[in-house]
Amino acid sequence: MSELITITTPLQRFKGHEGCITAVAVFPDKRRMVTGSTDTTLRLWDLKTGVALKKMKGHRNPVWSLAVSRDGQLIASGDEKGKVIVWHGETGKLLTKIQAHSDLISSLDFSPDGTVLATGSYYEKMTKRWNTKTWQLQGDPIECDAYIYCVRHSPSGELLAVATNHDIQIYNSGTSKHVTSFKAHKSWNSSLVWTPDGTRLLTGGDREDPTVREWDTTTWKQVGNPWTGHTDHIDSIAIHPAGTLVASASSDHHVRLWQLSDQQTIVVFEHSSSSLAQCITFSVDGNHILSGGDDKIISEWATIATTTVRDACIDRELSTDEELLMQDINTDPNTHTPYILAITTSRIACLNGDLSTAEGLLTQDINTSPNNHTSYAHRSFVMARKYDWERALLDAIKSIRIQPSLTGYISKGIALCGKGRVLDARAAFDVASMYTDQDSEILHFLLLTKAIALFNADQHREANLLLTELATGCPNADTLACDIVQAYLHVQLGIKALDGARYDEATDHFTAAIDSSDLSSESDIHEVYEDLVVVHQDDAYMTLFITKSLVQLFGWDLKSLWRKAHHKRCDALLRAGKLQDAVKSYQHLMTSSDEITKADCLDWSNGESRANFKQQCSALCAANGDDAFAASDYDKAIDLYSMVIDLDSASDVVFANRSQAKLSKMLWEDALLDAQKVTELNPSSHVGYQLSHSALRGAQRYDEAIEAFTIMLSKLDNAPEVQIQDLRQQYVCPSEAEDVIRRAVWIELSNAPLRLLNTSTGILCDRAAQLNSFKTSPEYKELLSTITKRSDLQMEHIKEVVATHFRCVLLSHRWEETEALLHHVQDKVVYELDGLGGTAKLQSFCKIARDAGYFWAWMDTCCIDKSNNAELGESVQSMFVWYRHSALTIVYLSDVPPSSQPGALASSVWNERGWTFQEFVAPKVVRFYQKDWSLYLNDRSLNHKESQAIMKELEGATGIDAQALISFRPGMRDARQKLQWASKRVTTVQEDTAYSLFGIFDVHLPVIYGERKQSALGRLLQDIVSRSGDITSLDWVGQSSEFNSCLPADIISYAAPSYSLPSLSEDEIQTAVSSLRNIVLVNLASKLYNLLENMNAPLFANCRLRLPCIAFPVTEVKRKRGRTAHSTYGVKADGLRDLLITTDETLTQFSRTKPIQQTFFLVRPWDRRLLGLPDFSEQLTFADEGESVGHWSESESGSDDTEESSSNSPGEEELSVDSDVHSRSLRLMVHLGQAFSALLVAQQRVGEYKRVASDQYIIAQVKDPASIDIMNIRTLDIL
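Conventions adopted
- Residues numbered from 1 in each chain as written.
- Predicted model: local features only at pLDDT ≥ 70, side-chain atom pairs only at ≥ 80, totals over all residues.
- Heavy atoms only, no water.
- Phe/Tyr/Trp six-rings, centres within 6.5 Å; stacked < 30°, edge-to-face > 60°.
- Buried < 20%, exposed > 50% of the residue type's maximum accessible area, 1.4 Å probe, protein only.
- Lys NZ or Arg CZ within 6 Å of the ring centre and 35° of its normal.
- Helix = DSSP H or I, 4+ residues; strand = E, 2+ residues; numbered from the N terminus.
- Expected span 1.5 Å × (residues − 1).
- Contact = heavy atoms within 4.5 Å.
- Polar contact = N/O pair within 3.5 Å; in protein donor to acceptor, adjacent residues only side chain to side chain.
- Axes fitted to C-alpha atoms, helices over the stretch in contact; angles between N-to-C directions.
- Parallel < 35°, antiparallel > 145°, perpendicular 65-115°, else oblique.
- Left-handed = near helix turned anticlockwise from the far one by under 90°.
- Nonpolar A, V, L, I, M, F, W, Y, C, P; charged D, E, K, R; others polar.
- Core = buried A, V, L, I, M, F, W, Y, C linked by side-chain atoms within 4.5 Å.
- Pairing = 2+ DSSP bridges.

Turning next to the packing of aromatic side chains. One pass over the structure, following the stated rule, counts 34 aromatic pairs. A centroid spacing of 4.6 Å and a plane angle of 90 degrees characterise the contact between Tyr-122 and Tyr-123, whose relative ring orientation is edge-to-face. Its relative accessible area of 48% is what places Tyr-123 among the partly exposed residues. Among the aromatic residues, those joined into a cluster by ring pairs are Tyr-122, Tyr-123, Tyr-147, Tyr-149 and Trp-188. When the ring centre of Tyr-831 is taken as origin, the NZ or CZ atom of Arg-850, which lies over that ring, is 5.0 Å away.

Our focus in this paragraph is helix α19 (residues 634-646). The terminal C-alpha atoms of α19 lie 18 Å apart, and with 13 residues this matches the ideal 18 Å at 1.5 Å per residue to within 8%. Every buried residue of α19 is listed here: Ala-637, Ile-638, Leu-640, Tyr-641, Ser-642, Met-643, Val-644 and Ile-645. Elements that come into contact with the buried residues of α19 comprise α16 (579-592), α18 (613-630) and α20 (652-664). Where α19 ends, the next residue or the one after it, Asp-648, has phi of about 60 degrees, a positive value.

Moving on, we get to the environment of Ser-1127. Here Ser-1127 lies in strand β40 (residues 1127-1133). Along the sequence, Ser-1127 and Thr-1143 sit 16 residues apart, while their C-alpha atoms lie 5.5 Å from each other. For Ser-1127, the side chain forms a polar contact with the side chain of Arg-1119, separated by 3.3 Å.

Right, let's talk about the packing of α20 against helix α22 (residues 687-698) for a bit. Look at α20 against α22: their axes get within 10 Å of each other, and the N-to-C directions meet at 15 degrees. When the interaxial angle is binned, α20 and α22 end up roughly parallel. In terms of crossing hand, the pair formed by α20 and α22 is left-handed. Every residue of α22 that contacts α20 at Ala-656, Ser-659, Gln-660 and Leu-663 is listed here: Val-687, Leu-691, Ser-694 and Ala-695. Each residue belonging to the contact of α20 with α22 can be placed in one class, and the counts come to five nonpolar, three polar and no charged.

All right, on to the nonpolar core then. Ranked by internal contacts, the top residues of the largest apolar core, which has 117 residues, are Ile-741, Trp-858, Phe-928 and Phe-1001. Grouped together as the second largest cluster of nonpolar side chains are 43 residues, Ile-1141, Leu-1226, Ala-1238 and Ala-1260 included.

The next thing to look at is the sheet that holds strand β1 (residues 5-7). The mixed open sheet is built from five strands, whose spatial order is β1-β26-β25-β24-β23. Of all the strands in the sheet, the pair left with one neighbour each is β1 and β23 (234-239). Across this sheet, the average inter-strand angle for adjacent strands is 20 degrees, counted without regard to direction. Looking at chain direction, strand β25 (residues 254-259) and strand β26 (residues 264-270) are connected through six bridges and run antiparallel. Among the inter-strand pairings, His-254 is bridged to a residue of β26, identified as Glu-270.

All we've got here are geometric facts, nothing functional implied.
Following this line, the structure appears as structure tokens:
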């Protein structure tokens, strides 16, 4: 082995700092370096040119430490006063400042994943860890109790090593827990570094122990002996990326390069005698060392040359790299003979393409030694490289003449091929084989050379055949070398095809080149490159190892072969229009490349020539992606946009487009990542936040979606562009959306009970709790996140969401002895109560509702505060509306046992209760449950109102037509029929007989418990008559009410069907009209019609009924004999046929001959339907017509109406009417001639009457329609 080499001249010096350089780090892009100095600044450098790219100012005190994150995005620097500054790795822009410690920060290190920055303070004796996202302290500080020199994360990030003046301390980097400590050096431990695999830790000592020591990280025991060589403090240690070499910088002015495997120094780099070496690092590719010190300079040293020189000395090989050889020659020129020096120097020039220099050197050597056959052969190679075939052949012939040799005949064969003399060339190569000593390696090389020469002579087929046979037929052949040569030939053919625009053919050749060997990256090519050697034994028996022979002979660039094949294939595919294949080929190239090759590929793909592959591909992929997106082919669009991104050419627009495509595919999380990238690339734009909002909303992360939307609005508000500001007008802020939702909720809840049971929690909620439950629900947050534009404020969708959330299930049931009341459930969880009696019923009801998917339930026993009259009254008034708007009404039949047969429902007491009438007819969806909460008849349909069997059963039980039960409409229409339906139902509280019908008739009256049944029912009937003008509710039999004699005392009085007028056919009506036409004067019929048409509607107020009617004076009342519970009277009245009346009341008998002062009338209440006009229930109410109860006076009595009516005598001017009017008048008279249900009224005071109740309907009929006296048309006040 040769003596230790000391190199004093660096490859390059970086100058610019004005103080000692204390720290240095390189970036993963291999192009830049950053340094820190006591001049308080940092500087970014271009490693290739040595130019300072940026001077970074921010510290006010000397910088003693710095670190670069693994991805190169962050730079951290620490100064003498404990301040850390974080800089952007690309731009050098200051990002943030942290007062990390109170004193000097001696060391910084990023964790491998870049999430944590470790800081060590010398005097503070403390290590801290900082979160690189928030820059907040992560975990507790680590108290080291010693001065800290260096902190370093292990490669896995699991451990943190700290070098102190006492020992080496190891901690768990995640928990800060102490793992171990050991005494490494005699005195202070000044530096440390981990090997890339984490199996070793290297430490450096101070001037008392200036050694490097190696430690096993599994046992923490020392490996081998201390590494000696330095004579002073070791300030810094760095390790080669491959983990094979170690560099150390010392205050002894030297940098030492060590071989890790044998712990020996390879070379020493010497700083100037006045400069301490304080910091050191390897370049990313490991080919260079960068060191700095107090000379204010960073020195760059080569590692490839020095290590290979060492190996060459050991193996008696010559250097294979120009810088290596020149540096070695310049360092110690006496170690080489002139002969070797000349040959080697010429080969260096030849390898580097400097053929003129190579020719000159060899010519000089030939002139010095004319009989040197090797120099002639080598110059022949040079001339062949220059395509000077004639001179190449002459030199080859001279070499052979001086001394026939392998080299001479190879040069002759190459020259002959160049001249196109293929046959002669074959002969030369054949003769060359005689000088191989049958050495298989030399023979192999010779055949490779022959194949290449033949190929260059356009003998492609023969060359390929020879290579194939060589690879398969020679047992000892270097098949890998064959593959490389064959690959090279394919590349040359591919280039020719590419130049000839035969792109598919070119692609095939380049693919064959790539596939012709198992090489996975350019690093493998380098290994083969070093293996292709020619061995020759000259007369002096001197062995000459000629490395890179193929490069020397043919000018091949084997180093770039693998890369060139890939580059060319990418280009061919692109030119062939196979875009996706081209991008995939490029991606394969990048993933298969080592870091050095990858950097070169980036240079190629980003070039400014036509070979700017990435730019072309990116533009085409982006355009095609836009087309695919427009065609809704989202998968294709995503693939194309991904290609742009994989090509590292993506802008925020591409990420935004891919995010949009992913949103269309509902790939929410993936879309969110792209949206966040948009924000990262263009923070001032609203687009990234807009996409984030959509993605988060799709992922049901609604709170985050709303936050993103709010930020988006702020970006729009702050945008400088007018068009962007105008875009803001389309959007609404969340507070506006909340207001709209709130209004929709109040509208929805206006038709819902005041208190509701939350079926999920089992808690009774008032309005505030209901609203809060909605605002915290996913449905609300989703809705709020959906409302972004003004067009989204349309109420329909909002109403739909609100209505869905507040869907409520109501219970219809018969109260039993024990029920769960308000005080039982208030502030309690229903499901946790003792499940007895009514509580069990409540729990089962809530579970049924919950399992059906409803959030809310209501049960009258526990959801109304019956002690609060206002709430109770409102509940009674609103109950029909609540049931009407329920999503489902569950009817619980406690008296219907499980597995009951049809008919059990009809027999249930539930059909007899007053409140259950509206509870069934009001809701649209009803389901019946038996005692065990199983479905009645096991009918699992969603709505039992659609079950023919169940509805038929209810029709029979209630006497109500099934269709009427299904399509029931509240209101005054068909009031008499509705009263009949309710007539046999009973209530526990007597007033509820009426109150339970408020919703049926859609009336709103005060709820006054304690007023008694007759008053409550009277007020209800009074309102019906007053508002509708419908007098059918006066059609009843039984006892009169104390409220008003025209009304019944009990609703049971409506049980009997009302009297129906006998219907006449149209023919019968026409016949009757014809007969009347001959005997009734036109003006008389018309006057009768006009009087009745202009009659006011009945008006009921203050217990007094003002009834328009035709009153027939009673002329005789005579009691009939008989023993019955009721009295029957024969009654005669003017204009009516005689009739019988049965009543409990005692009537005074009288006749024309025995008159009495009291007046009786048989009254036909006026029914406007006889006019053939719409009935009053469809007209405006009486109040709407401008009249009110307050306008009544004593003068507005029946006598006044009579006088007014009698003022028009038959002798007045006859009215002129057309035939249609006359026909209508006669038709009315025909109807008036039919039998009707009459009321018997008795005068009380002047103008006031009371109805005489009857146990049967009083059926009366006029004697002669033509004789109806208009004097009998009047309005009576009935008490």
